[in-house]
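Residue-level structural notes
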4 protein chains.
Amino acid sequence: MSKTALIVGAGSGLSAALARALSKDGYSCTLAARNVDKLAALCKETGATSIACDVGRREDVERLFAQLDATGAPSVVIYNPSARARGPLVELDPAKVAQTLAITAFGGFLVGQAAAKRMLEAKSGTIVFTGASASVKGYANSAAFAMGKFALRGLAQSMARELQPQGIHVAHVVIDGGISSATRPVPADKPDSLLAPEAIAESYMHLIKQSRSAWSWEIEVRPWVERF
Amino acid sequence: MSKTALIVGAGSGLSAALARALSKDGYSCTLAARNVDKLAALCKETGATSIACDVGRREDVERLFAQLDATGAPSVVIYNPSARARGPLVELDPAKVAQTLAITAFGGFLVGQAAAKRMLEAKSGTIVFTGASASVKGYANSAAFAMGKFALRGLAQSMARELQPQGIHVAHVVIDGGISSATRPVPADKPDSLLAPEAIAESYMHLIKQSRSAWSWEIEVRPWVERF
Amino acid sequence: MSKTALIVGAGSGLSAALARALSKDGYSCTLAARNVDKLAALCKETGATSIACDVGRREDVERLFAQLDATGAPSVVIYNPSARARGPLVELDPAKVAQTLAITAFGGFLVGQAAAKRMLEAKSGTIVFTGASASVKGYANSAAFAMGKFALRGLAQSMARELQPQGIHVAHVVIDGGISSATRPVPADKPDSLLAPEAIAESYMHLIKQSRSAWSWEIEVRPWVERF
Amino acid sequence: MSKTALIVGAGSGLSAALARALSKDGYSCTLAARNVDKLAALCKETGATSIACDVGRREDVERLFAQLDATGAPSVVIYNPSARARGPLVELDPAKVAQTLAITAFGGFLVGQAAAKRMLEAKSGTIVFTGASASVKGYANSAAFAMGKFALRGLAQSMARELQPQGIHVAHVVIDGGISSATRPVPADKPDSLLAPEAIAESYMHLIKQSRSAWSWEIEVRPWVERF
């Protein structure tokens, strides 16, 4: 398999850090996002290609992988997208809860299935799903997000059990804490109290590089000062 | 609150055992199922009423609770429905995976939300979600079911954290093993090797009766001989 | 097997509630504690017998069961004792950490092993270990207690996997919150905000009565208002 | 803090791989083991120093760290030792169970406490505890090992919560599967079906190198074909 990577849900700080880390390691990257306009600078910087894709739409995901097939299936696929419907349970709009499930979990299935179909031919590859604190703990006023992230973790665990013996590494990363960004800078008096996207990306790269004799299916990352 | 119970996803052996246990304990029961024809005998036996409801349809769930409102909101609501799309990940039909999520998890949200709206007025009530081994372990060749059951557990845990301090007991039961039934009798040489519906129902009744000073949010039940 | 119960670590509110609940259900109870003087009133009330036993001493545990053998081995054994060494890790006295492990975990092994030897002959019986929040979460400034309670849970889980298929029910109860008592009354403005010993005892009785077709190996109990 | 590492419980394949990986990365290593004779070749190869230490003896652990203090406290400490008492619960020798707890868990406390005392002065350092499948699952016929490994995990989690906000990274590695060695070679027809010590060591090195903005407290590693 060629050294090619697909990052789905690109745009945020983590995706950009992943694109940079993968590019630096020699991967040709494709960035998929609903809106690719904002990806121009990152593509230029990393040599990545962008493809528009709404992961909630099955035909979009099919078209995405069909495009990739033309040049060669990715050996690394990372799934980041999530949506949230916040608020007290009784005030949640069912349509938004459905949307949260669709983007956070069902899109992960669509992308994971399409990726696995290609990787099974090569009997190798790595699929990483991005989780959150909500993947392992259902918080109050966050029922929809808990549903979506628990579901994505169930998908990742089932895929790991099924696909790892066929050579495909499936992993789930629990990001337990806030991620720093331009709009959410790290407080000066609390250094490293938010997760640096580059630091998270290093754990993704570690997962991608692990020898198949010692694969991790899940890694949690959190800032040193995070209460857990 | 009156002693009234709603069992959603009625029909299977567990639902019938729950209806019998609740009736015996003085509850007026309503049984909701897609097809209520098969419930006639059970209704006659337990004095329960049946209402047709497809939990995958939002309007059905709304109609169900509107009907109940006429006579008084239920103080106990149990959510049983689930759907499965079985098989290797790459062979799963996305439409069936979506259906699995809709019935197993999203319907749980619709019913749980409608129940909570009523119970919050009384500041009391019990909502129990029926889980499975797949709620806590993602098995190979069972990605869709893992997604649905993990999501339902995330919902239950989030609801417990949010609603318990408001007086509503939310619980999740992990049924870890096969349930015996007329079509799946217990092997004569392996007594009690399948879960008896009546035995499971006893743990539901225990949850319903727990004092609020010592609530359980989750209980696992499995046959004595089950490997776990 | 006769309806006889042994409660180890008797004296606290929970043990007394267990003795009352078991007696009420027809069990002849033996209460084992380091200091049995304080148990006189409870013995009189419940008809229980008391035996002095320091669970940290192997010979004491052997003598305890030898005494019980004279009248018939217990069909229910409950293990409550724990010790704590509190404080920042670096300030903990190693001797007290060793003592915490000895009372909280090793004593559980000694009692569990002695109980299992008797119960295996009858191929029935119930052994319940009392856990705490610290059984599943290692808190800061509580390393010793975390070690002891994690160890006891590991013991209970291993015993459940090994002994349940031989007819012995092994369970672990996670008590997540403070227990009310004469010296720690429930705040008047926060009703039921501490676990009532009688309420906890009901979950123990439920475990003891469960049909072997649907055994729980672990139950968590916490007050409705407890943050978790 | 200088780049110095202490590996406790040295001798096995994993310890040797850790010594090599740390040395290659510029660490001066000290290897502590009950019997240091067998470490001569490894010391020569990696430039490591060896110190005899029985972790079950408090005075040995104190002497070990006193010796290290002379040249500078270690910035990385890895705790590997474990002991096992195998067999059906009722056949276990209590003395061996006590020994299992002493080596597997209490020794971890002694070493972790001594390491933390030094690292807190520098407000930095990494302590890694080596776990096993038994750290998170209590298997039948393995009660003693489950007790020891659960206890060690409780210690590690408590230390992580307490010490990480003080700058010390505490991690726990769950090694889920057999480790290959000279006496336990990988079957020729099942490549990578046992964990390669060098592959495990890479995950330790990743933990050691993690930025404090994104620390993992636990990583599981298992061979691609391992059932889990």
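Source: prediction; values computed, not measured.

Definitions and limits used
Residues numbered from 1 in each chain as written. Chains lettered and ligands numbered in written order. Predicted model: local features only at pLDDT ≥ 70, side-chain atom pairs only at ≥ 80, totals over all residues. Helix = DSSP H or I, 4+ residues; strand = E, 2+ residues; numbered from the N terminus. Rg over C-alpha atoms; globule rule 2.2 N^0.38 Å. Buried ≥ 20, exposed ≤ 12 C-beta atoms within 10 Å, placed from the backbone. Contact = placed C-beta atoms within 7 Å. Nonpolar A, V, L, I, M, F, W, Y, C, P; charged D, E, K, R; others polar. Least-squares fit on C-alpha atoms with pLDDT ≥ 70 in both. pLDDT = per-residue confidence, 0-100. Axes fitted to C-alpha atoms, helices over the stretch in contact; angles between N-to-C directions. Parallel < 35°, antiparallel > 145°, perpendicular 65-115°, else oblique. Left-handed = near helix turned anticlockwise from the far one by under 90°. Pairing = 2+ DSSP bridges. Right-handed = clockwise from strand over helix to strand, strands pointing away.

For chain A, the helix and strand inventory stands at 6 helices and 7 strands. Listing every helix and strand of chain A by position from the N terminus yields β-α-β-α-β-α-β-α-β-α-β-α-β. A compact globule built from 228 residues should have a C-alpha radius of gyration of about 17 Å, and chain A, at 17 Å, falls within 12% of that. The C-alpha extent of chain A, read off along each of the three principal axes, is 45 × 40 × 40 Å. Across the 228 residues in chain A, those meeting the buried criterion constitute 60%.

On to the interface of chain A and chain B. Note: interface size is frequently given as the accessible area lost on complex formation between the parts. The interface is formed by 37 residues belonging to chain A together with 37 residues belonging to chain B. For the side of chain A that touches chain B, the elements supplying multiple residues, two or more each, are helix 4 (94-122) and helix 5 (143-163) of chain A. Per-element accounting of the side of chain A that touches chain B gives the leading share, 15 residues, to helix 5 of chain A. When the residues that make up the side of chain A that touches chain B are grouped by side-chain class, the tally is 24 nonpolar, 7 polar and 6 charged.

For these two chains of identical sequence, chain A goes onto chain B by a turn of 180 degrees and a shift of 0.0 Å along the axis, with RMSD 0.0 Å. Taken together, the rotation and translation relating the two chain copies correspond to the operation of a two-fold axis. By C-alpha distance to the rotation axis, the residue of chain A lying nearest is A:Ala151, at 2.3 Å. When the interface residues of chain A are mapped onto chain B, 100% of them again fall at the interface, so both copies present the same face.

Our focus in this paragraph is the confidence of the model for chain A. For chain A, mean pLDDT is 96; residues scoring 70 or higher make up 100% of the total. Listed scores for the predicted complex are pTM 0.98 and ipTM 0.98.

For the rest of this paragraph, the subject is the arrangement of the chains. Spatially, chain A is disjoint from chain C: no contact exists, and the shortest C-alpha separation is 9 Å. Taking C-alpha atoms as the reference, chain B and chain D come no closer than 9 Å and do not contact one another.

Expressed as a screw transformation, the operator carrying chain C onto chain D has a rotation angle of 180 degrees and an axial translation of 0.0 Å, and the superposed copies differ by an RMSD of 0.0 Å. When you check the interface residues of chain C against chain D, 100% turn up at the interface there too, and the contact is symmetric in its surfaces.

Residues and elements named next belong to chain B. Interhelical geometry of helix 4 (residues 94-122) versus helix 5 (residues 143-163) gives an angle of 15 degrees and a closest axis separation of 8 Å. Of the possible angle classes, the one that applies to helix 4 and helix 5 is roughly parallel. Once helix 4 is placed against helix 5, the crossing between them reads as right-handed. Of the residues in helix 5, those touching helix 4 at Lys-96, Val-97, Thr-100, Leu-101, Thr-104, Ala-105, Gly-108, Phe-109, Gly-112 and Ala-116 are Ala-144, Phe-145, Met-147, Gly-148, Lys-149, Ala-151, Leu-152, Leu-155, Met-159 and Leu-163. When grouped by side-chain class, the residues that make up the contact of helix 4 with helix 5 number 13 nonpolar, 5 polar and 2 charged.

Right, let's get into the interface of chain C and chain D. Across the contact, 37 residues belong to chain C and 37 residues belong to chain D. Of all the secondary structure elements, the ones that give two or more residues to the side of chain C that touches chain D are helix 4 (94-122) and helix 5 (143-163) of chain C. A total of 15 residues in the side of chain C that touches chain D trace back to one element, the largest contributor, which is helix 5 of chain C. Looking at side-chain class alone, the side of chain C that touches chain D contains 24 nonpolar, 7 polar and 6 charged residues.

Residues and elements named next belong to chain A. Burial of strand 5 (residues 126-132) is extensive: 7 of the 7 residues sit out of reach of the surface. Residues Thr-126, Val-128, Thr-130 and Ala-132 line one face of strand 5 and the alternating positions Ile-127, Phe-129 and Gly-131 line the opposite face, and both faces are buried. Sheet topology places strand 4 (residues 76-79) next to strand 5; 4 bridges connect them, and they run parallel. Counted as the bridge partner of Tyr-79 is Phe-129 from strand 5. Read from strand 4 through helix 4 to strand 5, the crossover connection turns out right-handed. Note: strand 5 against strand 6 (residues 169-175), 7 bridges, orientation parallel. Opposite Thr-130, over in strand 6, you have Val-173 as the bridge partner. Between the parallel pair strand 5 and strand 6, the chain is carried across by helix 5, and the sense of this crossover is right-handed.

What follows is about unusual backbone geometry. Residue and element names in this part refer to chain D. Although it is not a glycine, Asn-141 sits at a positive phi angle of roughly 60 degrees. Residue Asp-192 is not a glycine yet carries a positive backbone phi of 60 degrees. Along the polypeptide, Asp-192 turns up in the loop between strand 6 (168-175) and helix 6 (197-209).

Residues and elements named next belong to chain C. Two elements in contact, helix 1 (residues 13-24) and helix 6 (residues 197-209), have axes separated by 8 Å at closest approach and are oriented at 55 degrees. The angle between helix 1 and helix 6 falls in the class oblique. The handedness of the crossing between helix 1 and helix 6 is right-handed. Of the residues in helix 6, those in contact with Gly-13, Leu-14, Ala-16, Ala-17, Leu-18 and Ala-21 of helix 1 are Pro-197, Glu-198, Ile-200, Ala-201, Tyr-204 and Met-205. The class makeup of the residues in the contact of helix 1 with helix 6 is 10 nonpolar, 1 polar and 1 charged.

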